[in-house]
Amino acid sequence: MPASLIPRQTRKGEELELYRWTPEEVVELRLLPYTSAAVLRRKCNRREVHHHGDGGRITFTNEDIRRENERWAIEPFQGPAAA
């Protein structure tokens, strides 16, 4: 991860929790399963992805990224239920 993209962390981690990721940073750091910032922006504009529209700019909080990763998660198969 490039050092310029790592937000500085305070003792309590407050800055890291408040940091807003741009679509380019999300794609570069592979925080979500998208390979293009343009595709990610298009999905945000269609309201298919959790994000924030800060003054017309698309940004992602840590919570947005967590929610999207949970949405993409695949549960392991438990097998057939016992009769």
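These notes cover the structure that comes with them. (Residues numbered from 1 in each chain as written. Predicted model: local features only at pLDDT ≥ 70, side-chain atom pairs only at ≥ 80, totals over all residues. Heavy atoms only, no water.)

**Side note on the overall build of the protein**
Put simply, the test is: Segments assigned H or I by DSSP are reported as helices when at least four residues long, segments assigned E as strands when at least two residues long, and all are numbered from the N terminus. Partly exposed describes any residue whose relative accessible area lies between the buried limit of under 20% and the exposed limit of over 50%, with all areas from a 1.4 Å probe on protein chains only and scaled to the type maximum. Throughout, a residue-residue contact means that at least one pair of heavy atoms, one from each residue, lies within 4.5 Å. A 1.4 Å probe and the Shrake-Rupley method give the accessible areas. Residues count as covered only by the protein chains that appear here.
Looking only at helices and strands, the protein has four helices and two strands in total. In sequence order, the secondary structure elements of the protein are arranged as α-α-α-β-β-α. In the protein, buried positions account for 28% of the 83 residues. A separation of at least 24 residues holds for 42% of the contacts in the protein among residues at least 6 apart in sequence. If you sum the accessible surface of the protein, you get close to 6,500 Å²; carbon and sulfur atoms cover 50% of it.

**A few points about the environment of Leu32**
On the secondary structure map, Leu32 appears in the loop between α2 (23–28) and α3 (37–45). A sequence separation of 33 residues divides Leu32 from Ile65, and the C-alpha atoms of the two residues are 7.0 Å apart. Once residues lying within four places of it in the same chain are set aside, the contact partners of Leu32 are Val26, Leu40, Phe60, Ile65, Glu68 and Asn69.

**Let's talk about the nonpolar core**
The condition that has to hold: Residues enter a nonpolar core if they are buried and are Ala, Val, Leu, Ile, Met, Phe, Trp, Tyr or Cys, with the set joined through side-chain atoms within 4.5 Å.
Counting 13 residues, the largest nonpolar core has Val26, Leu32, Leu40 and Phe60 as its most contacted members. Those elements that place two or more of their residues in this core are α2 and α3.

**A word on the pattern of salt bridges**
Oppositely charged side chains may form a pair once their charged atoms are brought near each other. The criterion, for reference: We count a salt bridge whenever a side-chain nitrogen from Lys or Arg sits within 4 Å of a carboxyl oxygen from Asp or Glu.
Across all of its chains, the model carries five salt bridges by this definition. Glu24 serves as the salt-bridge partner of Arg41, at 2.2 Å between the closest nitrogen and oxygen. Here the residue Arg41 occupies a position in helix α3, and Glu24 occupies one in helix α2, the gap between them amounting to 17 residues. The class of Arg41 is partly exposed, set by a relative accessible area of 31%. The class for Glu24 is partly exposed, based on a relative accessible area of 39%. Across the pair Glu48 and Lys43 runs a salt bridge whose closest N-O atoms are separated by 3.2 Å. By relative accessible area, Glu48 is classed as partly exposed at 35%. Taking relative accessible area as the criterion, Lys43 reaches 27% and is therefore assigned partly exposed.

**A word on α3**
The condition that has to hold: When we speak of the arc, we mean the arc of directions from the helix axis to the C-beta atoms. Polar contact is defined as a pair of N or O atoms within 3.5 Å, subject to the rule that within protein one atom must be able to donate a hydrogen and the other to accept it, and that residues adjacent in sequence are counted only when both atoms are side-chain atoms.
When we look at burial in α3, the residues that qualify are Ala37, Leu40 and Cys44. For α3, the buried positions fall inside an angular range of 60 degrees around the axis, keeping them on one side. Taken together, the buried residues of α3 touch α2 and β2 (57–59). Of the residues flanking the start of α3, the one acting as N-cap is Ser36, its side-chain oxygen 3.2 Å from the backbone nitrogen of Ala38. At the exit of α3 stands Arg47, carrying a positive phi of roughly 60 degrees.

Any link to function would need more than the numbers given here.
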